[in-house]
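Next come the chains, spelled out residue by residue.
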Number of protein chains: 2
Amino acid sequence: MRPGSIRPGGRTARTRAAVLDATLAELADRGYEHVSVETIALRAGVHKTTVYRRWRTKEQLVLEALRAAAERRIEIPDSGDIDHDLRALARAVLATLASRDGAAAVRALVAATQSSPQVARVVRQFWAARLAQVTPIVQRAIARGQLPEGTSAAETMKYLAAPLFHRLLVTAEPLTEAAADQAAAAALAAARAGVFTPT
Amino acid sequence: MRPGSIRPGGRTARTRAAVLDATLAELADRGYEHVSVETIALRAGVHKTTVYRRWRTKEQLVLEALRAAAERRIEIPDSGDIDHDLRALARAVLATLASRDGAAAVRALVAATQSSPQVARVVRQFWAARLAQVTPIVQRAIARGQLPEGTSAAETMKYLAAPLFHRLLVTAEPLTEAAADQAAAAALAAARAGVFTPT
């Protein structure tokens, strides 16, 4: 970098990141229906014409913010034991759902999925990308002989997460470490029994 | 009944049922935030002062409607085999979530739970009552030696339902019979492995 040189790409990237972060934060705070390009621009600290130049509608903004979130890497445990790995993953899901921002984002996504088929499609892509990241955990367990050949990593992970989302969204029960450990143990028992192996 | 006699109790009970049904329907159609005593009265075909005389706020109305729904009896399968019983229950959960009204009611409850701690408390009572109804299925399976002594019926049932709610609310995946059967098989595998037995 030469001193004093302008980095339009760098600034554009920073603006994009600020707008996408603001989109998720607004979504969490207000819910999809009450979010607008104006409030997102205000939160991101940019002029609304800057946002409109790139994204015409709030739906496009939400879609891109979700895609960007899906591409973020998450930490994949590799303890050499599927039992420990799944428990670590369940604890990570718990930490997200138990945090104020995480819970708000999940609730906003649930509402947004309902209100727009296009958002629903991107939510499915988001989960596919997220689930693909954890595939190695199950593959390594199969290679070690800890899980049946052909066990679906995506199903194992969804079953690990579902009871914790259920506590947050449906039964309004507290999100405890014991609940995370139980969710991990249940997913492991089902995987071992061949429930996630296509017949 | 003497001809021409007035049955105030009967009419009151009918009005109450109409108002509570209208409350759940409005909740499903509009969501908790957009429901009002006025729209509920209109839907129930009664004057709003009739509603206000009995319920001061929409929150009280929603609470009573949920309590009444929780008290409704559901059909409890008794095939003599825990595998069949759980599959039948999962198919029943599926039928509710796959119906337009059922899905709308669940989404409305999820939103209402978020907006009011009192609604959240009643939602917990609702689930406790619902789960208590299915206790005999697990108790009979324990008596037949199909499940470990001390298996929690409530946990078994929540784990049976959670993957189906997850498809509806979180991952936006289709609600298929194969998904219901898999949810039943996973809950059974976890129950058999002792995951739902307090240690």
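Coordinates for the structure precede this section.
A quick note: this is a predicted structure, and the numbers were derived from the prediction, not measured. (Residues numbered from 1 in each chain as written. Chains lettered and ligands numbered in written order. Predicted model: local features only at pLDDT ≥ 70, side-chain atom pairs only at ≥ 80, totals over all residues. Heavy atoms only, no water.)

A. Just the overall build of chain A, in detail. Looking only at helices and strands, one finds 10 helices and zero strands in chain A. Its helices and strands taken in sequence order, chain A reads α-α-α-α-α-α-α-α-α-α from the N to the C terminus. Along the first, second and third principal axes, the C-alpha atoms of chain A reach 55 × 45 × 30 Å. Counting the 199 residues in chain A, one finds 48% classified as buried. Of the contacts formed within chain A by residues at least 6 apart in sequence, a portion of 68% connects residues at least 24 apart. (Helix = DSSP H or I, 4+ residues; strand = E, 2+ residues; numbered from the N terminus. Buried < 20%, exposed > 50% of the residue type's maximum accessible area, 1.4 Å probe, protein only. Contact = heavy atoms within 4.5 Å.)

B. Looking closely at the relation of the copies chain A and chain B. Mapping chain A onto chain B calls for a rotation angle of 180° and an axial translation of 0.0 Å; the resulting RMSD is 0.0 Å. One copy is carried onto the other by what is essentially a two-fold rotation axis. When you check the interface residues of chain A against chain B, 100% turn up at the interface there too, and the contact is symmetric in its surfaces. (Least-squares fit on C-alpha atoms with pLDDT ≥ 70 in both.)

C. Structural view of the interface of chain A and chain B. If you look at the interface, chain A gives 33 residues, while chain B gives 33 residues. Where chain A abuts chain B, roughly 2,900 Å² becomes buried across the two surfaces, and 64% of that area is made up of carbon and sulfur atoms. Sorting the residues of chain A by area buried against chain B places A:Tyr159, A:Val170 and A:Gln182 first, and these three jointly supply 19% of that buried surface. Run the count over chain A and chain B and you get two salt bridges. (Buried area = accessible area lost by both parts, 1.4 Å probe. Salt bridge = Lys/Arg side-chain N within 4 Å of Asp/Glu carboxyl O.)

D. The nonpolar core, seen in detail. Ranked by internal contacts, the top residues of the largest apolar core, which has 133 residues, are A:Phe165, A:Leu169 and B:Leu169. In this view, A:Phe165 contacts A:Val93, A:Leu97, A:Val106, A:Trp127, A:Val170, B:His166 and B:Val170; residues no more than four positions away in its chain are not counted. (Core = buried A, V, L, I, M, F, W, Y, C linked by side-chain atoms within 4.5 Å.)

E. Up close: the pattern of salt bridges. Under the definition given, this model contains 22 salt bridges over all chains. One salt bridge connects B:Lys158 with A:Glu173, and the closest N-O pair in it is separated by 2.6 Å. You can see B:Lys158 sitting in helix 9 (residues 153-171) and its partner A:Glu173 sitting in the loop between helix 9 (153-171) and helix 10 (177-192), one on each of two chains. A relative accessible area of 10% places B:Lys158 in the buried class. Through salt bridges with shared partners, a single ionic network connects A:Glu26, A:Asp29, A:Arg30 and A:Arg43.

F. Layout of the side chain of B:Thr113. Looking at the element boundaries, B:Thr113 is found in helix 6 (residues 100-115). Its relative accessible area of 7% is what places B:Thr113 among the buried residues. Every residue in contact with B:Thr113, bar those within four places of it in the chain, is listed here: A:Ala172, B:Val119, B:Ala120 and B:Val123.

G. Quick look at the packing of helix 5 (residues 82-98) of chain B against helix 10 (residues 177-192) of chain B. All names here are of chain B. Contact geometry for helix 5 and helix 10: axes closest at 8 Å, N-to-C directions at 135°. One finds that helix 5 runs oblique with respect to helix 10. For the pair helix 5 and helix 10, the sense of crossing is right-handed. In this structure, helix 5 contributes Ile82, Asp83, Leu86, Arg87, Ala90, Arg91 and Leu94 to the contact, and helix 10 contributes Glu177, Ala180, Asp181, Ala184 and Leu188. (Axes fitted to C-alpha atoms, helices over the stretch in contact; angles between N-to-C directions. Parallel < 35°, antiparallel > 145°, perpendicular 65-115°, else oblique. Left-handed = near helix turned anticlockwise from the far one by under 90°.)

H. Expanded view of unusual backbone geometry. Residue and element names in this part refer to chain A. Despite not being glycine, Ala172 shows a phi value in the positive range, around 55°. Mapped onto the secondary structure, Ala172 falls in the loop between helix 9 and helix 10. Judged by relative accessible area, Ala172 falls into the buried class, the value being 13%.

I. Seen up close, helix 5 (residues 82-98) of chain A. Residue and element names in this part refer to chain A. For helix 5, with 17 residues, the first-to-last C-alpha span of 24 Å sits near the 24 Å given by 1.5 Å per residue. Every buried residue belonging to helix 5 is among Ile82, Asp85, Leu86, Leu89, Ala90, Val93, Leu94 and Leu97, and all of these are buried. On its buried side, helix 5 packs onto helix 6 (100-115), helix 8 (135-143), helix 9 and helix 10. The residue sitting at the N-terminus of helix 5 and contributing the capping side-chain oxygen is Asp81; that oxygen lies 2.9 Å from the backbone nitrogen of Asp83. (Expected span 1.5 Å × (residues − 1). Polar contact = N/O pair within 3.5 Å; in protein donor to acceptor, adjacent residues only side chain to side chain.)

J. How the structure looks around the environment of A:Asp181. Considering the arrangement of structural elements, one finds A:Asp181 in helix 10. Dropping the residues within four chain positions of it, A:Asp181 is found in contact with A:Arg87 and A:Arg91.

K. Examining the packing of aromatic side chains more closely. All told, the structure shown has six aromatic pairs over all chains when counted by the stated rule. Between A:Phe126 and A:Trp127, the ring centres sit 5.2 Å apart and the planes meet at 85°, which makes this aromatic pair edge-to-face. Given a relative accessible area of 12%, A:Phe126 falls into the buried group. With 5.8 Å between their ring centres and 75° between their planes, B:Trp127 and B:Phe165 make a pair best called edge-to-face. Residue B:Trp127 is located in helix 7 (residues 117-133), and its partner B:Phe165 is located in helix 9; the two are separated by 38 residues in the primary sequence. In this structure B:Phe165 comes out as buried when scored by relative accessible area, which is 6%. (Phe/Tyr/Trp six-rings, centres within 6.5 Å; stacked < 30°, edge-to-face > 60°.)

L. Structural context of the side chain of B:Thr171. Mapped onto the secondary structure, B:Thr171 falls in helix 9. At 2.7 Å, the side chain of B:Thr171 forms a polar contact with the side chain of B:Glu173. Setting aside its immediate chain neighbours within four residues, B:Thr171 contacts A:Arg124, A:Trp127, A:Lys158 and B:His166.

M. Geometry of the environment of A:Arg16. Along the chain, A:Arg16 turns up in helix 1 (residues 8-30). A:Arg16 has contacts with A:Arg54, A:Trp55, A:Glu64 and A:Ala68, leaving out every residue within four places of it along the chain.

N. Inspection of helix 6 of chain A at higher detail. For helix 6 of chain A, spanning 16 residues, the distance from its first C-alpha to its last is 23 Å, which sits close to the expected 22 Å at 1.5 Å a residue. Structurally, the start of helix 6 of chain A carries an N-cap: the backbone nitrogen of A:Gly102 is 2.9 Å from a side-chain oxygen of A:Ser99.

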